[in-house]
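Here's the letter readout for the chains.
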Amino acid sequence: AVVSTQSTGDRIQGELEACKRELTAACEKERQTRVKNKSLASRLKSEEEEVRKLTLMMEHKQDHFNHEIRKKERESLQLKERLSKKIVEKKTEKGTQQVLNTVP
């Protein structure tokens, strides 16, 4: 009976040691997972910040582009108006010259 109890005690002691090793391994794996998770969270935050910066930059460039387009449209309209005035002036000059040429 003493040998059987000793044998059972040894077996239980072995199981206890195995459980302790498994627990230690699980704790280390959890620690490594936490470190990796923290690193990934930091990378995610950096990437999100980069996306935010690029989005703001893109919006700024789009605003600038829209401003330039409106400016060019105004300049084009002004040039068209000037051209129309010149055409009218030329037609008026030609008409005046024809009248003057026909007057004796």
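Located above this text is the structure these notes cover.
All values reported here derive from a predicted model rather than from experimental measurement.

Engineer: Any chance you could explain the overall build of the chain here in plain terms?
Structural biologist: Scanning the chain from terminus to terminus reveals 1 helix and 0 strands. Scaling as 2.2 N^0.38, a compact globule of 104 residues should have a C-alpha radius of gyration of about 13 Å, whereas the chain reaches 44 Å, well beyond that. In terms of overall dimensions, the chain has a C-alpha envelope of 155 × 15 × 10 Å along the principal axes. When burial is assessed residue by residue, the chain has 0% of its 104 residues classed as buried. When the accessible area of the chain is evaluated, it comes to approximately 10100 Å², of which 59% is carbon and sulfur surface. Computed over 24 positive and 18 negative side-chain charges, the inter-centroid distance for the chain is 8 Å.

Engineer: Looking at this model, I keep getting lost on a positive patch on the surface. Mind explaining?
Structural biologist: Residues Arg-82, Lys-86, Lys-90 and Lys-94 make up a contiguous surface patch of positive charge. If you trace the backbone, Arg-82 turns up in helix 1 (residues 2–102).

Engineer: Just checking my understanding: could you explain the environment of Glu-48 for this structure?
Structural biologist: Inspection of the secondary structure puts Glu-48 in helix 1. With relative accessibility at 49%, the residue Glu-48 sits in the partly exposed group. A sequence separation of 11 residues divides Glu-48 from Asn-37, and the C-alpha atoms of the two residues are 16 Å apart.

Engineer: Please clarify how the state of the cysteines should be interpreted in this entry.
Structural biologist: Formally, a disulfide is one covalent bond, and it connects the sulfur atom of one cysteine to the sulfur atom of another. By the definition in use, this model includes 0 disulfides. We note that Cys-19 lacks a disulfide partner, and the nearest cysteine sulfur, in Cys-27, lies 13 Å from it. The partly exposed category is assigned to Cys-27, whose relative accessible area is 42%.

Procedures and definitions
- Residues numbered from 1 in each chain as written.
- Predicted model: local features only at pLDDT ≥ 70, side-chain atom pairs only at ≥ 80, totals over all residues.
- Heavy atoms only, no water.
- Helix = DSSP H or I, 4+ residues; strand = E, 2+ residues; numbered from the N terminus.
- Rg over C-alpha atoms; globule rule 2.2 N^0.38 Å.
- Buried < 20%, exposed > 50% of the residue type's maximum accessible area, 1.4 Å probe, protein only.
- Areas by Shrake-Rupley, 256 points an atom, 1.4 Å probe, with all protein chains shown as cover.
- Lys, Arg positive; Asp, Glu negative; His and termini not counted.
- Charge placed at Lys NZ, Arg CZ, Asp CG, Glu CD.
- Patch = residues over 30% accessible without salt bridge, like charges linked within 9 Å, V, L, I, M, F, W, Y side chains within 5 Å.
- Salt bridge = Lys/Arg side-chain N within 4 Å of Asp/Glu carboxyl O.
- Disulfide = S-S within 2.5 Å.

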